[in-house]
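One-letter residues, chain by chain:
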Protein chains: 2
Amino acid sequence: MASPRRLTKQQTVVAATLALASRAVSAQELHERLVAKRGRIGLATIYRALEAQVAEGTASRVERTGHVTAYVACVPEHHHHLVCTSCQRVEDLSEVAFAPLIRAVRRRHGFQVDHAALDLYGICQTCHDAHPAGRPGAPSSHRR
Amino acid sequence: MASPRRLTKQQTVVAATLALASRAVSAQELHERLVAKRGRIGLATIYRALEAQVAEGTASRVERTGHVTAYVACVPEHHHHLVCTSCQRVEDLSEVAFAPLIRAVRRRHGFQVDHAALDLYGICQTCHDAHPAGRPGAPSSHRR
DNA sequence: ACCGTCATTGACAATGAGTATCATTCTCAT
DNA sequence: ATGAGAATGATACTCATTGTCAATGACGGT
Ligand SMILES: [Zn+2]
Ligand SMILES: [Zn+2]
Ligand SMILES: [Zn+2]
Ligand SMILES: [Zn+2]
């Protein structure tokens, strides 16, 4: 009784473009790309398509600095993300990597962690190597 | 050369109110409380005071559903948070609990995790006990 | 293939968190 | 006490995201 979920051009092209990106992309960025490559498409449609994909499990939300939500093409299996705050590239991290931590938190704090927010932001190998000596962005230890 | 950091009534009362809350509070919520208890105070002042505290290390940002940033009184030492998405209460989690995971991620993915986003959202012991048969809020497993 | 239903679309308006501005007020070193 | 300039607060503003609704299009039934 849920929803007949119709397969439209827009839903298809949004999903395809997101999958092609293989990195975190905001709704606005997707909109720009699609307008450039396929002509008019409503921004609201992008948001709705992304929301549908997140609900399906084929996409996942990640937070980006500046209060912007970005999206990543995803497999429905339960896993987590390593989001590079420099190049926006995303790596998947299996659920098992977190298992010990989640167990410890639950055992020692009685706290049931919700996986949804377990994305790890940081600097990927590639970006790290790109900044050998002089650090442009410093450690930025306690920043967002 | 940094900033002379002046001690004003506003900075003091914001810090005190945040510390008193012992849970995640948004800038808007703090503003409402302070207006109610102490008369006029600018919303922008709240934001500035909170930003200053975050920079100092005496407060930390956490994300709340609906694209809202909430703040928690904090100790400057490096640690992480368990944020209950039901009652907004926050527990501190020592850095050491994450060490093995961070090391593994770095070793296996070459990914340097930035601690700032390492807050864990979920259901605390108290809220979990308050829903025995699991009905009102359900697990909400894959949601934000 | 044709129809009719109704989910989806898209242009536009609206919301709302957060920021910029700037004249005024207040802190604090001298 | 005095002055430099940091902080305040009222306001306007930015902009990501959502709501609205008439028009469009997908698709099951025929
Ligand atoms: Zn993924
Ligand atoms: Zn990178
Ligand atoms: Zn803390
Ligand atoms: Zn709770």
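Please refer to the structure placed before this passage.
The model shown is predicted, which means the values in this text are computed figures rather than measured ones. (Residues numbered from 1 in each chain as written. Chains lettered and ligands numbered in written order. Predicted model: local features only at pLDDT ≥ 70, side-chain atom pairs only at ≥ 80, totals over all residues. Heavy atoms only, no water.)

S.K.: I'd like a description of the packing of helix α1 (residues 9-21) of chain A against helix α2 (residues 27-38) of chain A, backed by residues and values.
M.R.: Residues and elements named next belong to chain A. Orientation of α1 relative to α2, taken along the N-to-C sense of each, is 115°, at an axis distance of 11 Å. Taken together, α1 and α2 sit at an angle that is classed as roughly perpendicular. Crossing geometry of α1 relative to α2 is assigned as right-handed. Residues V13, V14, T17, L18 and A21 of α1 lie in contact with α2, whose contacting residues are L30, R33, L34 and R38. Per-class residue counts for the contact of α1 with α2 are 6 nonpolar, 1 polar and 2 charged. (Axes fitted to C-alpha atoms, helices over the stretch in contact; angles between N-to-C directions. Helix = DSSP H or I, 4+ residues; strand = E, 2+ residues; numbered from the N terminus. Parallel < 35°, antiparallel > 145°, perpendicular 65-115°, else oblique. Left-handed = near helix turned anticlockwise from the far one by under 90°. Contact = heavy atoms within 4.5 Å. Nonpolar A, V, L, I, M, F, W, Y, C, P; charged D, E, K, R; others polar.)

S.K.: Just give me the short version of the protein's contact with DNA strand C, but keep the residues and values in it.
M.R.: Surveying the vicinity of DNA strand C reveals 22 residues, the closest of which are T8(A), T45(A), R48(A), R6(B) and T69(B). Note that a base nitrogen of DNA strand C is positioned 2.4 Å from one of the side-chain N or O atoms of R48(A). Elements with a contribution of two residues or more to the surface near DNA strand C: α1 and α3 (43-56) of chain A together with α3 (43-56) and β3 (68-73) of chain B. Here the residues of the surface near DNA strand C sort into 6 nonpolar, 9 polar and 7 charged. (Near = heavy atom within 4 Å. Polar contact = N/O pair within 3.5 Å; in protein donor to acceptor, adjacent residues only side chain to side chain.)

S.K.: Lay out the layout of surface pockets in plain terms, naming residues and giving numbers.
M.R.: All names here are of chain B. Size it by volume and the second largest pocket reaches roughly 280 Å³. Considering the residues around the second largest pocket, the lining is formed by R5, R6, L7, Q11, T12, A15, R48, E51, A52, Q53, A55 and E56. Only α1 (9-21) and α3 provide two or more residues apiece to the lining of the second largest pocket. Broken down by element, the lining of the second largest pocket gets its largest block of residues, 6 residues, from α3. Of the residues that constitute the lining of the second largest pocket, the class distribution is 4 nonpolar, 3 polar and 5 charged. (1 Å grid on protein atoms, 1.4 Å probe; cavity = no way out; pocket = protein on both sides within 12 Å on 5 of 7 lines; lining within 4 Å. Points joined across faces, edges and corners; volume = space filled by probe spheres on them.)

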